[in-house]
Amino acid sequence: MSETTVTVEPSATEASSCCGSCGTGAAKAPATAAAERAVFQVKGMTCGHCVSSVTAELKKVDGVTEVAVDLATGQVTVDSTKQLVDGDVDAAVDEAGYDLVGRLNG
């Protein structure tokens, strides 16, 4: 008796059931819940400690989900689930020990 092996390839229109956790499928990036992305100019940051301090204080602001600091330019990008209030951002940056110059966009 002989064995026959049949391999079935999923069509391009079929969705894969692989979650990607085993490394065999492409994992999808989680959807971000950011309703707003705003960029602020912050003055006085000079090192990694500065970045950590500003990031930690901004993450305490209600709704903030992500903070990215570009130390070279002093620009801080903040993602939030709701509209950011500049006064809240200013207070957080001030608490970290730095000066908010202003909002660049958003």
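Residues numbered from 1 in each chain as written. Predicted model: local features only at pLDDT ≥ 70, side-chain atom pairs only at ≥ 80, totals over all residues. Heavy atoms only, no water.

K.L.:
So what exactly am I meant to see when it comes to the overall build of the protein here?
P.N.:
Counting its secondary structure elements, the protein contains 2 helices and 4 strands. For the protein, the sequential pattern of α-helices and β-strands runs β-α-β-β-α-β. Burial analysis of the protein (106 residues in total) assigns 28% to the buried set. Sequence-distant contacts, at least 24 apart, represent 64% of the contacts inside the protein between residues at least 6 apart. (Helix = DSSP H or I, 4+ residues; strand = E, 2+ residues; numbered from the N terminus. Buried < 20%, exposed > 50% of the residue type's maximum accessible area, 1.4 Å probe, protein only. Contact = heavy atoms within 4.5 Å.)

K.L.:
When you look at the sheet that holds strand β2 (residues 64-70) in this model, what are you seeing that I'm missing?
P.N.:
Strand pairing in a sheet relies on backbone hydrogen bonds, with the paired strands running either antiparallel or parallel. Strand order in the open sheet made by the 4 strands is β2-β3-β1-β4, with antiparallel pairing throughout. Of all the strands in the sheet, just β2 and β4 (99-105) have a single pairing partner and so form its edges. Neighbour-to-neighbour, the strand axes of the sheet open up by a mean angle of 25°, direction not taken into account. Where strand β1 (residues 36-43) and strand β3 (residues 75-80) come together, 6 bridges link them in antiparallel fashion. Of the residues in β3, the one forming a bridge with Ala 38 is Val 78. Along the sheet face, helix α1 (residues 48-58) touches β2 and β3 and points at about 160° away from the line of β2. Here helix α2 (residues 86-96) sits on the sheet in contact with β1 and β4, set at roughly 140° to β4. (Pairing = 2+ DSSP bridges. Axes fitted to C-alpha atoms, helices over the stretch in contact; angles between N-to-C directions.)

K.L.:
Help me understand the nonpolar core, please; the structure alone is not making it clear to me.
P.N.:
A general feature of soluble globular proteins is that nonpolar side chains tend to end up buried together. Counting residues in each nonpolar core, the largest one holds 19 residues, and the members touching the most others are Leu 58, Val 76, Leu 84 and Tyr 98. Where this core is concerned, the elements lending two or more residues are β1, α1, β2, β3 and α2. Ranked by residues supplied to this core, first place goes to α2 with 4 residues. Apart from the residues lying within four places of it in its own chain, the contact partners of Val 76 are Ala 38, Val 39, Phe 40, Val 42, Met 45, Val 54, Leu 58, Val 67, Ala 68 and Val 69. (Core = buried A, V, L, I, M, F, W, Y, C linked by side-chain atoms within 4.5 Å.)

K.L.:
Quick question: what am I supposed to make of the pairing of β1 here?
P.N.:
Along any regular strand, the residues point their side chains to alternate faces of the sheet. The buried fraction of β1 is high, at 6 of 8 residues. Where β1 and β4 come together, 5 bridges link them in antiparallel fashion. Bridge assignment links Val 39 to a residue of β4, and that residue is Asn 105.

K.L.:
Mind showing me how you'd approach the pairing of β3 here?
P.N.:
Pairing between β2 and β3: 6 bridges, direction antiparallel. Across the sheet, the residue bridging to Asp 70 is Gln 75, located in β3. Here β2 folds back onto β3, and the loop between the two strands holds 4 residues, one of which, Gly 74, carries a positive phi near 80°.

K.L.:
What's the story with the confidence of the model for the protein in this structure? I'm lost.
P.N.:
When pLDDT is averaged across the protein, the result is 80; 67% of the residues are at 70 or more. Counted against residues more than four places away or in other chains, residues 5-31, with its pLDDT under 50, gives 5 contacts. (pLDDT = per-residue confidence, 0-100.)

K.L.:
It is not clear to me how the packing of α1 against α2 should be interpreted in this structure. Could you clarify?
P.N.:
A pair of packed helices is characterised by two quantities: the angle between their axes and the separation of those axes. Where α1 contacts α2, the two axes come as close as 8 Å, and the packing angle between them is 140°. As far as their axial angle goes, α2 and α1 are oblique. Of the two elements, α1 crosses α2, and the hand of that crossing is right-handed. On α2, the residues touching Ser 53, Val 54, Glu 57 and Leu 58 of α1 are Val 89, Ala 92, Val 93, Glu 95 and Ala 96. In the contact of α1 with α2, the residues fall into 6 nonpolar, 1 polar and 2 charged. (Parallel < 35°, antiparallel > 145°, perpendicular 65-115°, else oblique. Left-handed = near helix turned anticlockwise from the far one by under 90°. Nonpolar A, V, L, I, M, F, W, Y, C, P; charged D, E, K, R; others polar.)

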